[in-house]
Amino acid sequence: MKGITIRLGFGLLFAMLAVNSPAQWTGAKKKPQTLKDIKYGPITPAHRTDAQMSAFRNYGLGQFIHWGLYAIPGNEWNGVSARGGAAASEWIRSWGGPTAPKDWKKTYDNLYRQFNPRQFDAVKWAQQAKAMGARYMIFTTKHHDGFALWPTRYSDYNISKTPYKKDVVKQVVDAYTAAGIDVFLYFSVLEWNNPDYLSKAPQTPEEHKRFDRFLQYTRNQLLELVTNYPQIKGLWFDGTWDASWKSAYDFTYKLEKELREKHPGLIIGSRFRNDEFGARHFDSNGRLLGDYEQGWERKMPGSFDWLDGNDWDCVMTIPPNGWGYMKDWSGIYTKTTDDLLEMLMRCRSMNGNFVLNFGPDGNGNMRPEEDRIASEMGEWVKQNAPAVYESRHSDLPASGYGYFTEKDSVLYLTVFNRPVNNIARIAIPRSSKQVPVSATLLQNGSGLEVKHADIGLDLDKNTYYDIVLPASFQTERAFVIRIGLGAPAKKADRLMDAKM
Ligand code: JFZ
């Protein structure tokens, strides 16, 4: 059993490595030495400045929802845990080996006959997301199993054939839009059970015919989504790593253009298509394909300069991995509210959005742990909103206490590591025209003392400002210091430089 888990794990790992050179996500971007002549590069300009992209930059916090037929088994079947409890419950259809139920794929492909989420209430979900402070959400219209949660005209494998019947996507789009939360639709190109799909590049005329049919089907579904749900702000693509899709660069280039024409302002991440040389996310000349970096999946940039100024979001699970509902969370580490707030502010300090995933069960209920995390995060985010939304990366030297964000001469320091002496020392480049002149606690507005501390380190490029935290101020979670920046007070007499 163990051997199988390991083999599967490696298979997946290799698949990921092969499709997505990890280099793009593990350091500063490498620019190619020689430039290629590229016909299928970016369609939209880098750093779009329209209203939709401006809104994207200020979303701050988002909600991802993975919901589909996989919510019914919840990563187990007849009490047997799929793949030895391995995560990624939304992948349960690919369960194989001796622990897999007999005819498992057939069983899975018939789950739609039981899909009847009696407690599903999109308005309730949207209220929860609102209370969490999410400003956008991403919803799975169709995952790798190919099952559509909207009544698509282009496949029978869809919600209208279930006992539930009603259009789930419409309810989600309407409820979230009404709550003032922008909606992005997740769409997996890859389909496990579509006979027209193939993973390798089509070669024979028969394969071409089949895959062309699949491409047309994909185009039809996407045009259908932007037509049916005109309120959506973006499409979040997945399952675009196979050689078949990569070989269709001419088709996908035209399709991206077509979708953008049909839906002005549409936001598409870097995971939709590749150039004619097979380069994904970034074309062969290193230019971002799409409007934002879409590769920060359960990972974050090590530092701001890795991003090259690109927009990005980080999508994150509460369990280590696994996006769909998983009945049994025992025996795995699940992230705490504090873990998630730390990730949120780490993302914000580098201009990224943080998108937290929820996996509702087969009845349409969020799990109690998700409810609790959403309300705890919401409480914190509400108190500290100016540090989370609208504010941007600060160029100040990083602080070991936590993360900086900045807006209009106001600096926010979210403190996760409180100094034991209660003095938060802020390093400011000596050349800086703006220095801390005032400080308050964002959560209650109480003023904090600010002192200049020229500690006189030789060759130090920085000077220091000390913010004094009252010992009586105690918090359970991270807290934000709001720091007003202004012109430095009269310059102190320079210390004499020693000769050496
Ligand atoms: C994909 C899906 O396979 C998964 O089920 C889930 O929907 C997730 C959001 O997306 O998984 C991926 C895709 C890409 C990477 C990692 C996991 N990646 O680029 O690192």
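Predicted model only: the values in this text are computed from it and were never measured. (Residues numbered from 1 in each chain as written. Predicted model: local features only at pLDDT ≥ 70, side-chain atom pairs only at ≥ 80, totals over all residues. Heavy atoms only, no water.)

## Side note on the pattern of salt bridges
This model, assessed by the stated rule, comprises 29 salt bridges. Notably, a salt bridge pairs K102 with D103, separated by 3.9 Å at the nearest N-O pair. Classification of K102 as exposed rests on a relative accessible area of 73%. Linked through salt bridges whose partners overlap, the residues forming this network are R48, D50, E256, R260, R273 and D291. (Salt bridge = Lys/Arg side-chain N within 4 Å of Asp/Glu carboxyl O. Buried < 20%, exposed > 50% of the residue type's maximum accessible area, 1.4 Å probe, protein only.)

## Some points on the site of the ligand
As a structural note, the neighbourhood of the ligand is formed by 14 residues, with H66, E90, H143, H144 and E297 the closest of them. H66 has a polar side-chain atom sitting 2.7 Å from an oxygen atom of the ligand. Side-chain polar atom of E90 to an oxygen atom of the ligand: 2.5 Å apart, as the coordinates give it. A total of 450 Å² of accessible area belongs to the ligand in isolation, and the protein chains cover 92% of it. Considering only residue class, the shell around the ligand consists of 5 nonpolar, 4 polar and 5 charged. (Near = heavy atom within 4 Å. Polar contact = N/O pair within 3.5 Å; in protein donor to acceptor, adjacent residues only side chain to side chain. Areas by Shrake-Rupley, 256 points an atom, 1.4 Å probe, with all protein chains shown as cover. Nonpolar A, V, L, I, M, F, W, Y, C, P; charged D, E, K, R; others polar.)

## What to know about the sheet that holds strand β17 (residues 479–486)
Here we have 7 strands laid out as an open sheet, ordered β11-β12-β17-β14-β15-β16-β13, and antiparallel in their pairing. For this open sheet the edge positions go to β11 (402–407) and β13 (423–429), each flanked by a neighbour on one side alone. Going across the sheet, the axis of each strand differs from the next one's by a mean of 25 degrees, ignoring polarity. Alignment of β13 against strand β16 (residues 462–468), held across 7 bridges, turns out to be antiparallel. Each residue of the ladder has a partner; that of A424, found in β16, is I467. (Pairing = 2+ DSSP bridges. Helix = DSSP H or I, 4+ residues; strand = E, 2+ residues; numbered from the N terminus. Axes fitted to C-alpha atoms, helices over the stretch in contact; angles between N-to-C directions.)

## Description of the packing of helix α9 (residues 337–349) against helix α10 (residues 368–383)
Contact geometry of α9 with α10 gives a least axis separation of 10 Å together with a crossing angle of 50 degrees. For the element pair α9 / α10, the angle class is oblique. Both α9 and α10 take part in a crossing whose hand is right-handed. Note on element contacts: α10 touches α9 through R372, I373, E376, M377, W380 and V381, opposite T337, L340, L341, L344 and M345. Tallied by class, residues from the contact of α9 with α10 come to 8 nonpolar, 1 polar and 2 charged. (Parallel < 35°, antiparallel > 145°, perpendicular 65-115°, else oblique. Left-handed = near helix turned anticlockwise from the far one by under 90°. Contact = heavy atoms within 4.5 Å.)

## Let's talk about the sheet that holds strand β1 (residues 61–65)
With parallel pairing, 8 strands are arranged side by side in an open sheet as β7-β6-β5-β4-β1-β10-β9-β8. The sheet is open, and its two edges are formed by β7 (267–268) and β8 (293–297), each paired on a single side. One ladder, built from 6 bridges, connects strand β4 (residues 136–142) with strand β5 (residues 182–188); its direction is parallel. Across the sheet, I138 pairs through a bridge with F184, a residue of β5. In the packing of helix α4 (residues 122–132) onto the sheet, contacts are made with β1, β4 and β10 (352–358), and the angle to β1 comes to roughly 150 degrees.

## Notes on empty space enclosed by the protein
Within the structure shown, the criterion is met by 1 cavity of 30 Å³ or more. A volume near 70 Å³ is recorded for the largest cavity. If you go around the largest cavity, you meet 14 residues; those closest to its centre are P319, G324, W329, G359 and E370. Here the lining of the largest cavity is built from residues that sort into 7 nonpolar, 5 polar and 2 charged. (1 Å grid on protein atoms, 1.4 Å probe; cavity = no way out; pocket = protein on both sides within 12 Å on 5 of 7 lines; lining within 4 Å. Points joined across faces, edges and corners; volume = space filled by probe spheres on them.)

## A look at α9
Compared with an ideal rise of 1.5 Å per residue, which puts 13 residues at 18 Å, α9 spans 18 Å between its outermost C-alpha atoms and is within 8% of the ideal. Within α9, 10 of the 13 residues are buried, leaving the element largely enclosed by the surrounding structure. (Expected span 1.5 Å × (residues − 1).)

## Side note on the pairing of strand β9 (residues 312–316)
On a regular strand, one side chain projects to one face of the sheet and the next to the other, so that they alternate. Counted residue by residue, β9 has 5 buried out of 5 residues, so it is predominantly covered. Side chains W312, C314 and M316 of β9 all project onto a buried face; the interleaved residues D313 and V315 project onto the opposite face, where all are buried too. In terms of strand pairing, β8 meets β9 through 3 bridges, oriented parallel. Within the sheet, the bridge partner assigned to E297 lies in β9 and is V315. Judged from the 5 bridges that link them, β9 and β10 form a sheet pairing that is parallel. Each bridged residue has a counterpart across the sheet, and for V315 the counterpart in β10 is V355. What joins β9 to β10 is α9, and the crossover it makes is right-handed. (Right-handed = clockwise from strand over helix to strand, strands pointing away.)

## Brief notes about the domain arrangement of the protein chain
What the domain assignment reports for the protein chain is domain 1 (10–383) and domain 2 (402–486). Computed over C-alpha atoms only, the centres of domain 1 and domain 2 are separated by 38 Å. If you look at the interface, domain 1 gives 11 residues, while domain 2 gives 10 residues. For the pairing of domain 1 and domain 2, the buried interface totals around 980 Å² over both sides, and the portion due to carbon and sulfur atoms is 59%. Broken down residue by residue, the surface that domain 1 buries against domain 2 is led by M345, W380 and Q383, which jointly contribute 48%. (Domains from an automatic or database assignment. Buried area = accessible area lost by both parts, 1.4 Å probe.)

## Topic: helix α2 (residues 51–59)
If you check which residues of α2 are buried, you get M53, F56, R57 and Y59. Here the buried residues of α2 occupy an arc of 155 degrees about the axis, which is enough to place them on one side. Just past α2, the residue G60 takes up positive phi, approximately 75 degrees. (Arc of directions from axis to C-beta.)

## A few points about the confidence of the model for the protein chain
Chain-level pLDDT for the protein chain is 93 on average; 93% of the residues reach the 70-or-more range. Element-level mean pLDDT values for the protein chain span from 40 in helix α1 (residues 2–19) up to 99 in helix α5 (residues 168–178). Confidence drops under pLDDT 50 across residues 1–20; counting only partners more than four residues distant or on other chains, this segment forms 15 contacts. (pLDDT = per-residue confidence, 0-100.)

## Details of the packing of α4 against α10
Here α4 crosses α10 at 40 degrees, and the two axes come no closer than 7 Å. When the axes of α4 and α10 are compared, the pair comes out oblique. Residue-level contacts link Q128, A131 and M132 of α4 to E370, D371, A374, M377, G378 and V381 of α10.

## Focus: the side chain of T152
By secondary structure assignment, the location of T152 is in the loop between β4 and α5. Dropping the residues within four chain positions of it, T152 is found in contact with N158, Q221 and E224.

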